[in-house]
Structure formats: C-alpha cells, structure tokens
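Breakdown of the fold
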Amino acid sequence: MRVFLIAVLAFVLAPALPAAAQADILARLKLVPGMTVVSESAAPAGYRFFILTYSQPADHDTPSAGSFQQRIQLLHKETSRPMVVHTSGYTMRTTPFQAEPTQLVDGNQISVEARFFQPSRPQQADWRHLTIRQAASDHHRIIVALKQIYRGKWIATGSSKGGMASVYHRRFYPADVDGVVAYVAPNDRDNDQDDAYDTFFGTVGTPECRAALNTLQHEALRRRAELVPKFEAWAAASGYTFTQLHGTADKAFEFTVLDTAWSFWQFHGPSYCDRVPGVTATTDDIYRFIDVIDGWSTYTDQGAMPFVPYSYQAATQLGWPSLKFAHLRDVMRYEASFYGANSNLPPHLRSPHDPQPMADIDTWVRTQSSRMLFIYGQNDPWGAEPFVPSTNDSYSYTAPDANHVTTSIAALTPSERDAAVQALRRWIG
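Conventions we followed
- In this convention, every chain numbers its residues from 1, walking through the sequence in written order.
- Thresholds applied to this predicted model are a pLDDT of at least 70 for local features of residues and 80 or more for the giving and counting of side-chain atom pairs; totals over whole chains, interfaces and linings are not thresholded and use all residues.
- To get the side-chain values, all heavy atoms of the structure are used, and hydrogens and water are removed first.
- Buried residues are those whose accessible area, probed at 1.4 Å on protein chains only, stays under 20% of the maximum for their type, while exposed residues exceed 50% and partly exposed ones sit between those limits.
- Secondary structure elements are defined from DSSP: runs of H or I of at least 4 residues count as helices, runs of E of at least 2 residues count as strands, and each element is numbered from the N terminus.
- Strand pairing is assigned whenever DSSP detects at least two bridges linking the two strands.
- Crossover handedness is defined here as right-handed if the route from the first strand over the helix to the second strand goes clockwise, with the strands pointing away from the viewer.
- Residues belong to one nonpolar core when they are buried, are Ala, Val, Leu, Ile, Met, Phe, Trp, Tyr or Cys, and are joined through side-chain atoms within 4.5 Å.
- We call two residues contacting when some pair of their heavy atoms lies within 4.5 Å.
- In this description, a disulfide is simply a cysteine sulfur pair whose atoms lie within 2.5 Å.
- We define a salt bridge as a contact between a side-chain nitrogen of Lys or Arg and a carboxyl oxygen of Asp or Glu at a distance within 4 Å.
- Stacked, edge-to-face and tilted are the three classes for Phe, Tyr and Trp ring pairs, Trp counted by its six-membered ring, which pair at centre distances within 6.5 Å; planes under 30 degrees apart are stacked, over 60 edge-to-face, the rest tilted.
- Bend, at a single residue, is the angle you get between axes fitted to the 7 residues ending at that residue and the 7 residues starting at it.

Looking at an unreviewed UniProt entry, one finds the chain named Aminopeptidase and attributed to Kibdelosporangium aridum.

Take a look at the structure:
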C-alpha cells in the first residue's frame, strides 16, 4: 500500500549498542538457528537490507513432518530501535520498503512471506496445514528467534490480507508484540451474511457514478459476442490460458466483468467516474476501460494460480464476499454462486468452509483484544465488514475518500491522525 511519513517522533529508548556490535549484525543473523542470510543489498540511508530464509515446520503440531524455508526481508537500523513485523499476507517483495508504522517509529522492519506462497511452500504441500493458526505460529517462531537480537518494543502491521494476518497472530500469540496497526483488513465473521457489501455498492460515491458502473457491466455482458473473441485473441497472443481453473475464456470474461465495480472502488474511485464508457461507447472503449480497471489477466491461469493460497484460505476459513448482482441477472451466463473462492481453485483443492475460526477471531477482537489500531478507507469495499475493536486501548478510524491502496494514518482527519500516532507512540514507550 502507499505509505506516507507524517511525523518524526522522538522517543526515549535504551542506549544504542556499541558500533562494533551494530556492524556485526550480519554475523549475529547467521548465528540464529534455522536462519539463512541469502543476500545483502542496497538499502535506504541509515539501514542495511537483507533477504533471509527461516526454517519452518510444515505442520507446527508435528514438527518432524517436514519443513520449508520461509522468506523474510529485513531492514536493519539499530538493535535498540523498535521492530515492526510486516505480515505480507501474500508473496514477499524483494526490494526494500518501509511500512508507515516503520517510518513513524524510525524502526527496524521485517516483512514475512505468507506460508504456501511461492517459494515459501513445502515441496510436498499438505494444504490442510494452510490455516490462520499455522501462519500465526510461523510469525511467532520468527519473532522469538529475532528477539534475541532486537530487544526493543515490537509492533505488528499489515495491509489487507496482511492486516488480517497481523490480527490473527495477535489472537494466538498476544504477548509477541506490543501493539498492532492493521490496514484495510476485512472481517468476514459470517460468510453467509454479506448484505454489507451490497449496501456499500448501493451507497458509495454518487448515484450517477454507481449508475454508470452498473450500465457498463450490463453493456459489457450484453456485448459478450464481441468482447469474448477480443479477449481470446489477446490471451492466445500473450500466452494466457484457462485450462487449470475456469475452463473457458467465456467464464473468465464474465468474472472479470463482475469484478469491475469492485476494482473500480478498490483501486480508483471518484476521479474515474467521468471516464466510465456508456451504452454509446465503442466495444474497443469498453474493452480498454475494463482492462485498466480490473485487468483481463485476472482470471487467466497465469493471473489466478499465484493466488491459490489466498483462495484456499478464503474457501476454508477467511470467507469471501458474495454479491447479488441483481442488475446483471438477465445477461449473466453463470450462477453467482460460482463466483467465489472455490471457483479460483483447482478441483482437487476445493473445500468446504469452516465458520468457526472467523467467529472466534471476531469475538476475541471485540471483547479481549488490546492495543489494536484499525485503519479503513471510506471508498474501499473491503471495509464494508470491518473489525470492531474492544475498548482496551484499541481504536478504529476511517480515512475520508481513501480506497484500498491510499488508506493510511496520514490520510485520516487531523484529530484522528494525531490520536492514532499518540497510540502508537504510547505502545512503544
């Protein structure tokens, strides 16, 4: 997500280690059992940047049943500074970046690749071990290992699925970190109840913009006979296929069109309202606009297969949004029930949903959690079902006019921004 430096905070912390000890961070990392230093490369001023791997059990309940190497990136500043644990939720970036809390506390940062995202996957993967508790245990072991080096305060953060992961880790290992900053983290506590999403799409933006998007989706599906051949020709020329997941370009086409309004608000928003093609637009204009908003590669094998670990978790535990698409019923070819997490999985991984984990997480966050900060965006559909924190030094704020990628503490109103920064400052002492 886009991050902003909104303040420079001065903290009274323990004295920094001697220069010799700081210079020896590479040697200290190499001494951590199970840790491998893969590389060190250029870093922002004042930092050193490492790619690491850490040996993790494939199944934390049976550590002898195989292992895998989990990728981590480390931005090292000083061992005496706070450490920010960034849970990626997906694959890991291999270039340095600073999450907003890292900038605010002027701290170190680790970013952890989520289990089962390549290459952080066992060679003989048993997908039953891809659960929120197993992933939380991954983060716990890394934190325990690195606390031997970084003995200051620890903050967990993440955005979207990474924000969810930071919450789940806090649920299972509340003593690991001193606070959590979770950005745009959806909370699907009841997967069968998704009216909040339909309410969002019935109220977001202006009536004119909502009507234009509805018309665009309807017109695109009505022109299926013109658009699908363009899609197929582009896929064939670009090396994209449909054999592993959806079977046909026609189904991938429909799912992409169904995604258009969601992606419009998630990534773009009001500034694009006057660009939405109408019924008099050319087919080429409609094709190009949908490509800009959602991307025709999304439901190809090459676009969707890298996200199979997310789809599996959504199908089995996290839940997924189900919209009614009442305005498209006369032009849809596939049941709306097909448009969900299991549809983005190979047949052998399609699984029933277990509602218990999300119900447990939701209850814990509402009643027992502490030092949790949730940041949402007004125009982000993923915030339609938000976490509701307890009253134990925990807060939830919504950034005006922000979407899934522009939401930040910096984007809050001045009073809420100051309150959020003060909470973070208090948590790190």
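Details of the pairing of strand β7 (residues 180–183)
Every second residue of β7 is oriented toward a common face, with V180 and A182 on one face and V181 and Y183 on the other, all of them buried. Taken together, the 4 bridges between strand β6 (residues 154–159) and β7 define a ladder with parallel strand orientation. Following the sheet pairing, A156 is matched in β7 by V180. Traced from β6 through helix α5 (residues 161–172) to β7, the parallel crossover comes out right-handed.

Quick look at the nonpolar core
Within the largest apolar cluster, 43 residues are counted, with the highest numbers of intra-cluster contacts made by F231, F253, F264, W265 and F325. Broken down by secondary-structure element, the contributors of at least two residues to this core are α6 (195–201), α7 (207–222), α8 (224–238), α9 (249–268) and α10 (283–293). Beyond its immediate stretch of four places on either side in the chain, F231 contacts F242, A249, A252, F253, Y287, W296 and T300. The next biggest cluster of nonpolar side chains, apart from the first, holds 39 residues, and it includes I25, M83, V180 and F374.

With respect to the state of the cysteines
The final tally for this structure, using the stated rule, is 1 disulfide. C209 shares a disulfide with C273; S-S distance 2.0 Å. Where C209 bonds to C273 through sulfur, the torsion about that S-S bond is close to -85°, and the disulfide is left-handed. Pair noted here: C209 is in helix α7 and C273 is in the loop between α9 and α10, with a separation of 64 residues, a long-range link. On the basis of relative accessibility, which here comes to 2%, the residue C209 falls in the buried class.

A few points about the environment of M372
Mapped onto the secondary structure, M372 falls in strand β8 (residues 372–377). Put simply, M372 and R170 are 202 residues apart on the chain and 9.1 Å apart in space, counted from C-alpha to C-alpha. Residue contacts for M372: discarding those within four places in its chain leaves V167, R170, V180, W364, D393, S394, Y395 and W427.

A closer look at the pattern of salt bridges
This model, assessed by the stated rule, comprises 22 salt bridges. Close ionic contact of D360 with R171 constitutes a salt bridge, the shortest N to O distance being 3.1 Å. Of this pair, D360 sits in helix α13 (residues 356–367) while R171 sits in helix α5, placing them 189 residues apart in sequence. With its nearest N and O atoms 2.5 Å apart, the salt bridge here joins D393 to R426. Of this pair, D393 sits in the loop between β8 and β9 (395–399) while R426 is found in helix α14 (residues 414–427), placing the two residues 33 residues apart along the sequence. One salt-bridge network, held together by shared partners, links R224, D250, E254 and R333.

Some points on the packing of aromatic side chains
Applying the stated criterion across every chain, the model contains 21 aromatic pairs. Here the aromatic rings of W234 and Y240 are separated by 4.8 Å at their centres, their planes lie at 20°, and the arrangement is stacked. The exposure class assigned to W234 is partly exposed, which follows from its relative accessible area of 27%. Of the residues examined, Y240 reaches a relative accessible area of 27% and is grouped as partly exposed. Taken together through their ring pairs, the aromatic side chains of F231, W234, Y240, F242, F253, Y287 and W296 make up a single cluster.

Looking at the pairing of strand β1 (residues 35–41)
The pairing of β1 with strand β2 (residues 48–57) spans 6 bridges and is classified as antiparallel. Bridge pairing links T36 to T53 in β2. The antiparallel hairpin formed by β1 and β2 contains 6 residues in its connecting segment, where G46 sits at a positive phi of about 90°.

Points about α9
Considering bend angle alone, the principal kink of α9 is centred on T260 and spans about 45°. Where burial is concerned, most of α9 is hidden: 17 out of the 20 residues are buried.

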